[in-house]
Amino acid sequence: MDTAVRTRTTGGGRGVLEGAFALLDALRRHGGEAGVTGLAAACGMPKSTAHRLLEQLVALEAVERRGPRYRLGAQLYRLGQAWQPHPGLRVAGRLPLHRLRAATGGSVLLAVLREERALTVCSVPGRVEPLVPVRDGEAFPLDTALGKALRGPVRGGAVLDREEVVAGVCCAALPVRSPAGAVVGAVAAMVEAGQRLEVVAGRVAEAASAVTRALARAGMEVRA
């Protein structure tokens, strides 16, 4: 690492890169847009330091300025889209998720296990959106149906949640496996209470199987 980058600080001993990433994460937590005062407070750094770092991020297109407020920029989005939790997983999940959303009306998502959380990598909002918003990049605890599916269900079949986490919302989740059989993700559908969860679970199983098959096809194309 370059010595200048390593030794320069943003105040309080924090490195420049650490400070920049703290601001980016604070923007994410603020819904993607915020003012310099709120961001500086959220990161525990002087306002002048936050402003300087934000302007540097603007020059790199990682952040955009809109009047007195800042938001995440296009370059950061492009870089994020290049991240692959498992080769081909996000592409493999797109069509099955849209079909699952059409079949259930629920909010559907594909997640991977990251840092003891279920990290959403592909999602399609549904009718329960006001109660449980789903967004790419959002994380869920491992004690949810989604988290349990990622760790591998104890019994066969889908992991079901009957309003155990959020009142009025039920969930069915199943793991997605690589061609070698390893769990590389999980598909979940969150629906309104009152729907037949066993039927929803069947649709989730179809989606998870479709993602698994797409991963296998992609692997065969790469080997060919």
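Residues numbered from 1 in each chain as written. Predicted model: local features only at pLDDT ≥ 70, side-chain atom pairs only at ≥ 80, totals over all residues. Heavy atoms only, no water.

### Re the sheet that holds strand β4 (residues 63-66)
Turning to step 1, where the next piece is worked out: Strand order in this open sheet of three strands is β3-β5-β4, and the pairing throughout is antiparallel. At either margin of the open sheet sits one strand with a lone partner, and together these are β3 (33-35) and β4. Each neighbouring strand pair of the sheet contributes to a mean axis angle of 30°, computed without reference to strand direction.
Turning to step 2, where the next piece is worked out: Where β3 meets strand β5 (residues 69-72), three bridges bridge the pair, whose relative direction is antiparallel. By the bridge assignment, Gly 35 is partnered in β5 with Arg 69.
Turning to step 3, where the next piece is worked out: Sheet strands touched by helix α3 (residues 36-43): β3 and β5. Its angle to β3, the strand with the most contacts, is close to 95°.
Turning to step 4, where the next piece is worked out: Packing of helix α4 (residues 47-59) onto the sheet brings it into contact with β4 and β5, and relative to β4 it is tilted by some 110°. (Pairing = 2+ DSSP bridges. Helix = DSSP H or I, 4+ residues; strand = E, 2+ residues; numbered from the N terminus. Axes fitted to C-alpha atoms, helices over the stretch in contact; angles between N-to-C directions. Contact = heavy atoms within 4.5 Å.)

### Re helix α2 (residues 16-29)
Because an α-helix packs 3.6 residues into every turn, residues spaced three or four apart end up facing the same way.
Turning to step 1, where the next piece is worked out: With 14 residues, α2 should cover 20 Å at 1.5 Å per step; its first-to-last C-alpha distance of 20 Å lies within 8% of that length.
Turning to step 2, where the next piece is worked out: Of the residues making up α2, those classed as buried are Val 16, Gly 19, Ala 20, Ala 22, Leu 23, Leu 24, Ala 26 and Leu 27.
Turning to step 3, where the next piece is worked out: Where α2 ends, the next residue or the one after it, Gly 31, has phi of about 85°, a positive value. (Expected span 1.5 Å × (residues − 1). Buried < 20%, exposed > 50% of the residue type's maximum accessible area, 1.4 Å probe, protein only.)

### Here we look at the packing of α2 against α3
Turning to step 1, where the next piece is worked out: Contact pair α2 / α3: the axes reach a minimum separation of 9 Å and the direction vectors enclose 115°. Compared by their axis directions, α2 and α3 come out roughly perpendicular. In this structure, the crossing between α2 and α3 has a hand that is right-handed. Contacts between α2 and α3 involve Ala 22, Leu 23, Ala 26 and Leu 27 from the former and Leu 39, Ala 42 and Cys 43 from the latter.
Turning to step 2, where the next piece is worked out: Looking at the contact of α2 with α3, its residues break down into seven nonpolar, no polar and no charged. (Parallel < 35°, antiparallel > 145°, perpendicular 65-115°, else oblique. Left-handed = near helix turned anticlockwise from the far one by under 90°. Nonpolar A, V, L, I, M, F, W, Y, C, P; charged D, E, K, R; others polar.)

### Examining the nonpolar core
As a rule of thumb, nonpolar side chains are buried together in soluble globular proteins.
Turning to step 1, where the next piece is worked out: Membership of the largest hydrophobic core comes to 27 residues, with the highest contact counts inside it found for Leu 89, Leu 110, Val 176, Val 187 and Val 204.
Turning to step 2, where the next piece is worked out: Looking at this core, the elements with two or more residues in it are α6 (89-104), β6 (107-114), β7 (117-124), β10 (169-177), β11 (183-192) and α8 (197-223).
Turning to step 3, where the next piece is worked out: Looking at this core element by element, the count peaks at nine residues for α8.
Turning to step 4, where the next piece is worked out: Ignoring any residue separated from it by four or fewer positions in sequence, one finds Val 187 in contact with Leu 97, Leu 100, Leu 109, Leu 110, Ala 172, Ala 173, Leu 174, Val 176, Val 204, Ala 207, Ala 208 and Val 211.
Turning to step 5, where the next piece is worked out: Within the second largest apolar cluster, 21 residues are counted, among which are Ala 50, Leu 54, Val 58 and Val 63. (Core = buried A, V, L, I, M, F, W, Y, C linked by side-chain atoms within 4.5 Å.)

Purely geometric numbers; function is a separate question.
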